[in-house]
Structures are given as C-alpha cells and as structure tokens.
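One-letter residues, chain by chain:
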Amino acid sequence: MEEKIMSKFDTYFLMKTDDAIEYAKEKVSQIEWDADSMTAKEIGDGNLNYVFKVTDAKGHSVIIKQAGVEARISADMKLDTDRNRIESEILVLEGKLAPGYVPEIYFYDTVMSACGMEDLSDHEIMRTAMLEHKIFPKFADQISTFMAQVLMGTTDVVMDHQEKKELQRKFINPELCDITEALVYTEPYNDERGRNRVFPPIADFVKEKLYEDQGLHCEVAKLKMDFMTRAQSLIHGDLHTGSIFINEESTKVFDPEFCFYGPMGYDIGNVIANMIFAWANGDAAGAADFCKWVEDVLVDVINMTKEKMEKYYDEHVTDTMCRNELYKKYYMDTIIEDTSAVAGLELIRRIVGMANVKDITTIADEAKRARAEKICITAAIDFIKNRSDKKCGKCFLKTLKDAIAEVDAMHKSCCSHVAER
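Anyway, here's the lowdown on the structure attached to this text. (Residues numbered from 1 in each chain as written. Predicted model: local features only at pLDDT ≥ 70, side-chain atom pairs only at ≥ 80, totals over all residues. Heavy atoms only, no water.)

By the secondary structure assignment, Asn281 is in helix H9 (residues 265–285). Taking the relative accessible area as the measure of exposure, Asn281 reaches 8% and is therefore buried. Beyond its immediate chain neighbours, meaning those up to four positions away, Asn281 contacts Leu131, His133, Lys358, Asp359, Thr362 and Ile363. (Helix = DSSP H or I, 4+ residues; strand = E, 2+ residues; numbered from the N terminus. Buried < 20%, exposed > 50% of the residue type's maximum accessible area, 1.4 Å probe, protein only. Contact = heavy atoms within 4.5 Å.)

Below, the structure is given as structure tokens:
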C-alpha cells in the first residue's frame, strides 16, 4: 500500500506569504514554476479573506485566496471557512452560464479553505479604476449579459425544479446571509450594535431621515423578509465594484462568497448603487465626462439587463404556467422593483453602516462629502419607498437627479436662513 506523503497543508492554518509560495508549488503543479524566483504578496483589500499573488521570474502567476475564521473587518465576526468552497463552485458554475465573465478556477482545497484562480493582472479592480475616473464603454453591455445569463439561468422558470432545489440546498449560506441581514437590512436604521460609522456633519440628517422614519423601517422590514424567504435565483450576493475586475475590453466578476438563493434584484441593485457612489466621487472632483458616462451606465444597465432577461426568458422558459406574456411582464416588473429597493439599501448601508466605500470616504472636502452622502441617502429613500414606480433606466437616473436637486435646494435654503440672521 502506497504511503501518503505528509504535507504541512494537511491541517488548516492561516497562511502568510512564504506559506503561499510553498502552497502554490504544491497545489498548482500544472505550472512549471521557477522555484528560486518565486515571490508572493498579500493583496487582499476586502473585509473577509486573504488573497496572495504568487509569481516567478518566468512570468507565471496564480492568485491564492484563503478564507479566515474571522472577518478582517471585525474579530467579533466568526465565520465558517466553507465559504471558500461555495465561492469556488459558484465561479465554476457561473463560468458555464456566462463564459468569459469570471476568472478560471484551478483548484479548491477544503482542508486549507483556499482556492487557486487565474491571475487577472491585465485588469484592474473596478472601484480603484473609477476612483481615477476611468471610463469603460463596454461595461454596461458586459455586466448586463453576465447578470441576465447567470440570474435567469438559475431560476425556477428555467431550471428543472428538482435540480434548482438541489442547487439551493448546496449553496445555503446562513452565516454570510446573517451578516447581510444585519449590515444591510437592520443596523443602518437603528445602530442597534453601535457599529455604524456616521460622518459627523450629517449626524442630524441621518437621525431624522433614517433612525426616526417608521415608514421607512416598515418598507425595509418587508424587504428583509423577502431577502430571507424568496429563493428566486442564485445571486452573487455582494456584486459591487470591488468585486469586478475590468479593462477596456473585458469585465470579470469574482468574490461570490455571499452567494445563495435570493431575489435577483439584489445583484442588479448593488451594481446600480455602486455606480452612484462612483458618480458622487466624480462629481465632487469635477469630473464631468466621467459623471456623464456613469449616468449613461445607470440607464443602460437597467434597460439592457431587462431586455436580455426577457430574451433569455423567451428562449429558455420551461415551466408551462410561466409561458404567459402577462406573467412574464409581472415577473420582470418585480425584478426591477427589487433592483430599485436594493439600490436604496446598498446606498444607505455604505454611507452609515460599518462597511463604508472609498468612493465616499476619500472625498477630502468636508462640505462636498456631506453633500454626496446626503444625495445618496435622499436617492436611497426614494428607491426604497417608491420602488414600484421604477420601470426603466430613466426612472433610476431621474431619482438621482431629483435627489441632487433636493439636497442642493436644502443647502440653499439653509444658507439663506444663515444670511438673514
């Protein structure tokens, strides 16, 4: 009987850069590494995981991603490392549903809770690129294709119902859903754990608009119960611009560890909200061309995603009761309604919750940042309360424009009162 060769990676531990080099040699054996020149760098900038880029002098490279037992953002958040298995399997599935839109997975390891994936060094993290106000003309078309194919391709209207239930069972994700339920659907409206990070100049605004509005709380409660109970589609669960690699020709989605079966508008709404954050940063910097591009993207992402979903529906629907034009219209309308609601939820939680975004926090001028945050919150409230009114991309852009006008009018009125005194 052949004796098993023992490895230091037979038992879980949190890797450092030297460990990542050894790990890449052992696990990515299909690459002919130049062992003497191998280096590793920890490049993770997210809240949960550790990401190492391993390279050698011959130009070989791999990304090693490992799940820790607690969140980097807070040691109080204890996490199941099985999320790495979920993420790896999801990327493989998404690669089949939307070829070319996710990085290739080389392996995943349930012992070390790590995976090896394609190095996309010819791409940038989209949030980082947009902080430099770079424009990506193909983004709206590409991200809408990805969302339409992955989201529609995993629904009950398309899949065999038993196969869909098996996927739902396989990708149940209670711990990370619990984080979403707290950070997105609860704490931004009451700060019940004292973890919110509110910019002091807008503290009174937040208290009035978010903490004291019982009508808003009612609508968010409805949305929270939908998120927890409506297993509509296999969603990414955290589809923001920090989870997208991009260049002028290509868009690649990664980091789907929050993936589970939920309302598909959750993903689309996250994209919309994070484009608004990018707009707010560009607006504060006076980047007019960039802001115009973002406004066009807001309209195009909604319209293109809806059009591509409708086409996918027509071509792939299998449920006989759903082959009905009236039902299809109802179905699509609910997706856009959910998209609006989630855009609002994401805007609010990133402004006042514990996980802020650099688009906003890097605005150096205090007055400009306060204005940007008020615009985001004002738009968000409309997105949530009036979600059933949103039918197309122009409705989403109008919500942003109306919020800008409302905040600027509020500021003008305030200045007038000060001058009168």
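Attention shifts here to the sheet that holds strand E8 (residues 244–246). Spatially, E6-E8-E9 is the arrangement adopted by the three strands of the open sheet, whose pairing is antiparallel. The sheet terminates laterally at strand E6 (124–125) and strand E9 (251–253), the two strands that pair on one side only. Of the pairings in the sheet, the one linking E6 to E8 comprises two bridges and is antiparallel in character. In the strand pairing of E8, Ile125 is matched with Phe245. (Pairing = 2+ DSSP bridges.)

Tallied over the full model, the rule gives 14 aromatic pairs. An angle of 45 degrees between the planes, with centres 5.2 Å apart, marks the rings of Phe227 and Tyr266 as tilted. Separated by 39 residues along the polypeptide, Phe227 in helix H8 (residues 214–229) and Tyr266 in helix H9 bring together distant segments of the chain. We note that Phe227, like Tyr266, is buried. Aromatic rings pair up to connect Phe9, Phe13, Tyr23 and Phe107 into one cluster. A cation over a ring is seen here: Arg369 above Phe199, with NZ or CZ 4.0 Å from the ring centre. (Phe/Tyr/Trp six-rings, centres within 6.5 Å; stacked < 30°, edge-to-face > 60°. Lys NZ or Arg CZ within 6 Å of the ring centre and 35° of its normal.)

Reading across the sheet, the five strands line up as E1-E2-E3-E5-E4 and stay open at both edges, with antiparallel pairing between neighbours. With partners counted over all chains shown, the strands left at the sheet margins are strand E1 (39–42) and strand E4 (105–109), one partner each. Direction aside, neighbouring strands of the sheet carry axes that sit 20 degrees apart on average. Where E4 meets strand E5 (residues 114–117), four bridges bridge the pair, whose relative direction is antiparallel. By the bridge assignment, Ile105 is partnered in E5 with Met117. Packing against the sheet, helix H1 (residues 17–27) makes contact with E1, strand E2 (49–55), strand E3 (61–67), E4 and E5, and its axis sits at approximately 120 degrees to E1. The strands that helix H2 (residues 83–97) touches are E2, E3, E4 and E5; relative to E4, the one it contacts most, it runs at about 155 degrees. (Axes fitted to C-alpha atoms, helices over the stretch in contact; angles between N-to-C directions.)

So, on to the pattern of salt bridges. In this structure the tally under the stated criterion is 40 salt bridges. A salt bridge links Glu346 to Arg350, with the shortest nitrogen-to-oxygen separation between them at 3.0 Å. Separated by four residues within a single helix, Glu346 and Arg350 lie in helix H11 (residues 325–352), roughly one turn from each other. Summarising the burial analysis for this pair, Glu346 and Arg350 share the class buried. The shortest N-O distance in the salt bridge between Lys390 and Asp382 comes to 2.7 Å. Residue classification places Lys390 among the buried residues on the basis of a relative accessible area of 7%. Several salt bridges converge on common partners, so that one network encompasses Asp82, Arg85, Glu89 and Lys170. (Salt bridge = Lys/Arg side-chain N within 4 Å of Asp/Glu carboxyl O.)

This part takes up empty space enclosed by the protein. Throughout the structure, instances matching the rule amount to one cavity of 30 Å³ or more. Computed from the structure, the largest cavity encloses a volume of approximately 70 Å³. Lining the largest cavity are Tyr185, Leu223, Asp226, Phe227, Arg230, Pro263, Asp338, Ala341, Val342 and Leu345. Those elements giving two or more residues to the lining of the largest cavity turn out to be H8 and H11. Here the residues of the lining of the largest cavity sort into seven nonpolar, no polar and three charged. (1 Å grid on protein atoms, 1.4 Å probe; cavity = no way out; pocket = protein on both sides within 12 Å on 5 of 7 lines; lining within 4 Å. Points joined across faces, edges and corners; volume = space filled by probe spheres on them. Nonpolar A, V, L, I, M, F, W, Y, C, P; charged D, E, K, R; others polar.)

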